[in-house]
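Residues per chain, in single letters:
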Amino acid sequence: MDQMVLKTQQWLNITYSEKQGYNPIPETGVTGWTTIYALLHALQIELGITATANNFGAGTTSRFNEKFPNGIPQQVYPSEIEDNIYGIIQGALWCKGYSTGASEITKHFYSGTGNAIKILKGDAGIDNSSSVVTLNVMKVLMSMDQFKLVNGGSTKIRDVQQRLNNKYEDYIGLCPCDGVYGRQMNKSLIIVLQAIEGFSVDEATGNFGSGTISRLPILPDATGELDVTTINDATDLIKYALICNGYSSVNLETYEWNSSLISIIKEFQCDMALTSNGSADTDTWMALLLSRGNPVRACVACDTSYDFLNQSRRDFLKNNGIYNY
């Protein structure tokens, strides 16, 4: 049991139990979605939302931006103004394991809470010179996302996660920096690809459709149509995707399309039964970012739910070079 989480739960129940949109939560001292949702409901109530919900959606985003267009800044000490918003921030930090330097919810936003925000931003890979709680930082606080390396996580993948946040926050928000490659990070990689391809923030949805395929930056650039920035960014993304697929020897400190990178790409292509040409072509991009790869790629293969007891089926596969017996 974590005493600071317990105090957060107690403060939430005391402060919001009589308010519309809040349901009291168990006071266990254990962080979980129940506590995170309670913090989110408290935030929504402070933003004037009574029909609270378990997601930081468009309504919450709109109200936050309306009330805090420049984010929530740190108070100038010794301001005596108290605000429940500050208490929510403190409680959320404790639930993520960040100390605010206080032993209670103070409803102040002084340097202790400010330093915790800066550490969180640093862990997320973004500029931490300011303690302002931006919209994206608040979304992080209202989530179970982790920004410290977790047990079983990869330091190389965490490095990639931080780099993505640092360069593409406008597109992907702040993705977890826990060293684990999962669905959310995979979607972020696709959105980053779409950003590199020139799609707007609204257009970059993470759906790998025909538009994304049509703009794939094929590397090395034999046509000379790609600008240097696109080439460099796409090279980085190829490296990120290779690391996420288990090829951890990739060097992230250079944009160079060198023999080492080509060798790793060829290894990946060989493992995926693709043409081993060392280039980032359509099949390679799609194999790196989609579990199914390119569904229309040329191949000698068969996917069937039928058994092979029937002689005519075996003959058909054999005659098409798929199966030999």
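Residues numbered from 1 in each chain as written. Predicted model: local features only at pLDDT ≥ 70, side-chain atom pairs only at ≥ 80, totals over all residues. Heavy atoms only, no water.

### Topic: the packing of aromatic side chains
Our working definition: Any two of the Phe, Tyr and Trp rings considered here, Trp counted by its six-membered ring, make a pair once their centres fall within 6.5 Å; the pair's planes then place it as stacked at under 30 degrees, edge-to-face at over 60, or tilted in between. Each residue is placed in one exposure class: buried if its accessible area under a 1.4 Å probe, protein chains only, is under 20% of its type's maximum, exposed if it is over 50%, and partly exposed if it falls in between. For helices the rule is a DSSP run of H or I covering at least 4 residues; for strands it is a run of E covering at least 2, with both sets numbered from the N terminus onward. Think of it as a cone above the ring: NZ of Lys or CZ of Arg counts as a charge over the ring if it is within 6 Å of the ring centre and within 35 degrees of the ring normal.
Within the structure shown, the criterion is met by seven aromatic pairs. Residues Trp 11 and Tyr 16 carry aromatic rings whose centres are separated by 5.9 Å and whose planes lie at 80° to one another, so their mutual orientation is edge-to-face. Trp 11 gets classed as buried once you look at its relative accessible area, which sits at 13%. Between Tyr 77 and Tyr 110, the ring centres sit 5.0 Å apart and the planes meet at 80°, which makes this aromatic pair edge-to-face. Separated by 33 residues along the polypeptide, Tyr 77 in the loop between helix 3 (58-67) and helix 4 (84-95) and Tyr 110 in the loop between helix 4 and helix 5 (111-124) bring together distant segments of the chain. On the basis of relative accessibility, which here comes to 63%, the residue Tyr 77 falls in the exposed class. The structure contains a cluster of three or more aromatic residues connected by ring pairs, namely Trp 11, Tyr 16 and Tyr 22. When the ring centre of Phe 199 is taken as origin, the NZ or CZ atom of Arg 215, which lies over that ring, is 3.9 Å away.

### Thoughts on the nonpolar core
This is how the line gets drawn: Take the buried Ala, Val, Leu, Ile, Met, Phe, Trp, Tyr and Cys residues and link them wherever side-chain atoms come within 4.5 Å; each set so joined is a nonpolar core. The criterion used for residue contact is that any of the two residues' heavy atoms lie within 4.5 Å.
Ranked by internal contacts, the top residues of the largest apolar core, which has 45 residues, are Leu 12, Ile 72, Ile 89, Val 133, Met 138, Leu 141 and Met 142. Listed by contribution, the elements that provide at least two residues to this core are helix 1 (3-16), helix 2 (33-46), helix 4, helix 5 and helix 6 (135-141). Ranked by the residues each element gives to this core, the list is headed by helix 4, at eight residues. Not counting chain neighbours up to four residues away, the residues in contact with Val 133 comprise Phe 64, Gly 71, Ile 72, Ile 89, Phe 109, Ile 117, Met 138 and Leu 141. In terms of nonpolar packing, the next biggest core, distinct from the first, is built from 42 residues, Leu 189, Cys 244, Val 250 and Trp 285 among them.

### Quick notes on the packing of helix 10 (residues 228-244) against helix 12 (residues 282-289)
Describing two packed helices takes the angle between their axes plus the distance from one axis to the other. As a reminder, the rule being used: Axis definition: a line fitted to C-alpha atoms, limited for helices to the stretch in contact. Angles are taken between N-to-C directions and run from 0 to 180 degrees. When describing relative orientation, an angle under 35 degrees is termed roughly parallel and one over 145 degrees roughly antiparallel, while 65 to 115 degrees is termed roughly perpendicular and anything else oblique. A clockwise turn of the near helix away from the far one marks a right-handed crossing, whereas an anticlockwise turn of less than a right angle marks a left-handed crossing.
Contact pair helix 10 / helix 12: the axes reach a minimum separation of 9 Å and the direction vectors enclose 50°. Taken together, the axis directions place helix 10 and helix 12 in an arrangement best described as oblique. Seen along the crossing, helix 10 lies across helix 12 with a hand that is left-handed. The residues of helix 12 that touch helix 10, namely those facing Ala 234, Leu 237, Ile 238, Ala 241 and Leu 242, are Trp 285, Leu 288 and Leu 289.

### Quick look at the pattern of salt bridges
Our working rule: Salt bridges are identified by distance alone: a Lys or Arg side-chain nitrogen within 4 Å of an Asp or Glu carboxyl oxygen.
Applying the stated criterion across every chain, the model contains eight salt bridges. A salt bridge links Lys 107 to Glu 82, with the nearest nitrogen and oxygen atoms 3.8 Å apart. Residue Lys 107 is found in the loop between helix 4 and helix 5, and its partner Glu 82 is found in the loop between helix 3 and helix 4; the two are separated by 25 residues along the sequence. The exposure class assigned to Lys 107 is partly exposed, which follows from its relative accessible area of 25%. Residues Asp 233 and Lys 167 are paired through a salt bridge, measuring 2.5 Å at the closest nitrogen-oxygen approach. Of the two residues, Asp 233 sits in helix 10 while Lys 167 sits in helix 7 (residues 155-172), which places them 66 residues apart along the sequence. A single network of salt bridges, built from pairs that share partners, joins Asp 123, Lys 148 and Arg 158.

### Here's the deal with the side chain of Gln 269
The test is simple: Whenever a nitrogen or oxygen atom comes within 3.5 Å of another N or O atom, the pair is scored as a polar contact, on the condition that within protein one atom can donate a hydrogen and the other can accept it, and that pairs from neighbouring residues in sequence are kept only if both atoms are in side chains.
Assignment of secondary structure puts Gln 269 in helix 11 (residues 259-271). Look at Gln 269 and you get buried, because its relative accessible area is 0%. Of the polar contacts made by the side chain of Gln 269, one reaches the side chain of Thr 284; its length is 2.9 Å. Those residues in contact with Gln 269 that lie beyond four places of it in its chain are Leu 274, Thr 275, Ser 276, Asn 277, Gly 278, Ser 279, Asp 281 and Thr 284.

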